[in-house]
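Observations on the three-dimensional arrangement
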Amino acid sequence: MGATTSPFSDSLGVSSAGHVRPAAILAKRARHRRRMLDLAGLSYVIDAGILLIYAAAGTVPTIVGPALAGCGLATVAIFLALSEFGISDRLRDHYCVVPQATINLVIMLSFAELFPQVGVLFLCSLFVVYGFSSLRSTPRQAAIAWTLLAIGLTALFVLSAPPITLPMGSTMERFATMLVFLLALGRCMYIGVLAATLRDKLYKRGVELKATYRRIEELAELDELTGAYNRRCIMRMLDDALLRARDDAMPLTIALIDLDWFKRINDLYGHPTGDEVLRTFAITIFANIREVDRFGRYGGEEFLLVLPGTTQDGGYPILERLREIVAALDWSAFSEGMAVTMSVGIATLDDDETPEALLARADDALYEAKAHGRNRVVQARPACGDALSVRAMSRARDLRV
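Just so we're clear, the structure is a prediction, and the values are computed from it rather than from any experiment.

What follows covers the layout of surface pockets. Space inside the largest pocket adds up to approximately 350 Å³. Elements that contribute at least two residues to the lining of the largest pocket include exactly α1 (23-56) and α6 (171-221). No other element matches the 6 residues that α6 contributes to the lining of the largest pocket. Here the residues of the lining of the largest pocket sort into 5 nonpolar, 2 polar and 7 charged.

Dropping the structure here:
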């Protein structure tokens, strides 16, 4: 349980690797130890009370109950001191599971050997001791504790001469014996409730962690400004879409979209307004594409739209409709006289074409759209190997980095 720590670690929880444990974790762990030790002390007090009833019935000397309570509470006090002074946090076993189980085992078996006429009480208490131990045991610790228990019980039952009896001679003895079983079973049931509570907490914490991890993954994939997929994510999606298109023999079309004169928008209206334009544009595109389509920020004011199962002829009207929607928005709400349009280059995957070559053809088409006046959609020419422009190929590779 926990990493091995140096014996010279301080009470603030500095590990041997030099990592400082958060104070909140140490405080929470100390509260758990305190709670378990309080329950252990209460259990000893209960057993001592039953022994006093046996003493009143004449079964055992009166000193047995206080002696058991003294031994048990002294043990609890020692481990509580180790916990409160932070010594337990420096150990591999922060809850001292094996040492506590071993000492309690020795106490119970010793009293069972000395007072076999009420040995059933001490044996029942062992169920409680090992029930508490199981709440914080690792498999290795459980195996060690069980082995020690097996050795101790073997010595008690095989090597011990006095037989362990069940006191039933008088009404008071029967009453005390009834309390032994009732209270032992009650404590075991309480341990079961604690275990169920721990499981519920662990389950809820696991659900919360999964939700947090999903949120982190989403944030890692999204562009912070626009909410669209970031470049790394959209390029991965393009690679995946390309592989699926080839496996399923389905068409795949992409579109490179550039906001026209965006630098002029930033210069005239300011960067905050430019950011709002980018956000509004991204929201508009998201609201008007299919669920299977993928849309991400390619770089600056450029965006990439991946259209699975779409041919170039089928992609052209889609992008033309998006272009008209963007141009028709009331951009004057941001600043009077503002108008925003977009230029688009689209390309459809050809046989054995790489993602870089596909992007280069779409970029050539986008360049052509800008050269012919902007605010238009241009379809890429068919792939023709070395005829692709060096400028477009180099640009596609740079943007994938």
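Here we come to the pairing of strand β3 (residues 302-308). Within β3, 6 of the 7 residues are buried, leaving the element largely enclosed by the surrounding structure. Across 5 bridges, strand β2 (residues 294-299) lies against β3 in antiparallel orientation. What sits directly across from phenylalanine 295, in β3, is leucine 305. Two successive antiparallel strands, β2 and β3, enclose a turn made up of 2 residues, where glycine 300 displays a positive phi of approximately 60°.

In this model helix α2 (residues 64-84) runs 30 Å from its N-terminal to its C-terminal C-alpha over 21 residues, within 8% of the 30 Å that 1.5 Å per residue would give. When α2 is considered as a whole, its buried residues turn out to be Val64, Gly65, Leu68, Ala69, Gly72, Thr75, Val76, Phe79 and Ser83. Within α2, the buried residues cover an arc of 135° as seen down the axis, which keeps them to one side. Taken together, the buried residues of α2 touch α1, α3 (97-114) and α4 (119-134). Glycine 86 lies just past α2 and shows a positive phi near 80°.

Position of threonine 253 among the secondary structure elements: in strand β1 (residues 252-259). A polar contact is formed between the side chain of threonine 253 and the side chain of threonine 348, at a distance of 2.8 Å. Each residue touching threonine 253, except ones within four places of it in the same chain, is listed here: Leu305, Val306, Leu307, Thr310, Thr311, Gln312, Ala347 and Thr348.

Rules and cut-offs
- Residues numbered from 1 in each chain as written.
- Predicted model: local features only at pLDDT ≥ 70, side-chain atom pairs only at ≥ 80, totals over all residues.
- Heavy atoms only, no water.
- 1 Å grid on protein atoms, 1.4 Å probe; cavity = no way out; pocket = protein on both sides within 12 Å on 5 of 7 lines; lining within 4 Å.
- Points joined across faces, edges and corners; volume = space filled by probe spheres on them.
- Helix = DSSP H or I, 4+ residues; strand = E, 2+ residues; numbered from the N terminus.
- Nonpolar A, V, L, I, M, F, W, Y, C, P; charged D, E, K, R; others polar.
- Buried < 20%, exposed > 50% of the residue type's maximum accessible area, 1.4 Å probe, protein only.
- Pairing = 2+ DSSP bridges.
- Expected span 1.5 Å × (residues − 1).
- Arc of directions from axis to C-beta.
- Contact = heavy atoms within 4.5 Å.
- Polar contact = N/O pair within 3.5 Å; in protein donor to acceptor, adjacent residues only side chain to side chain.

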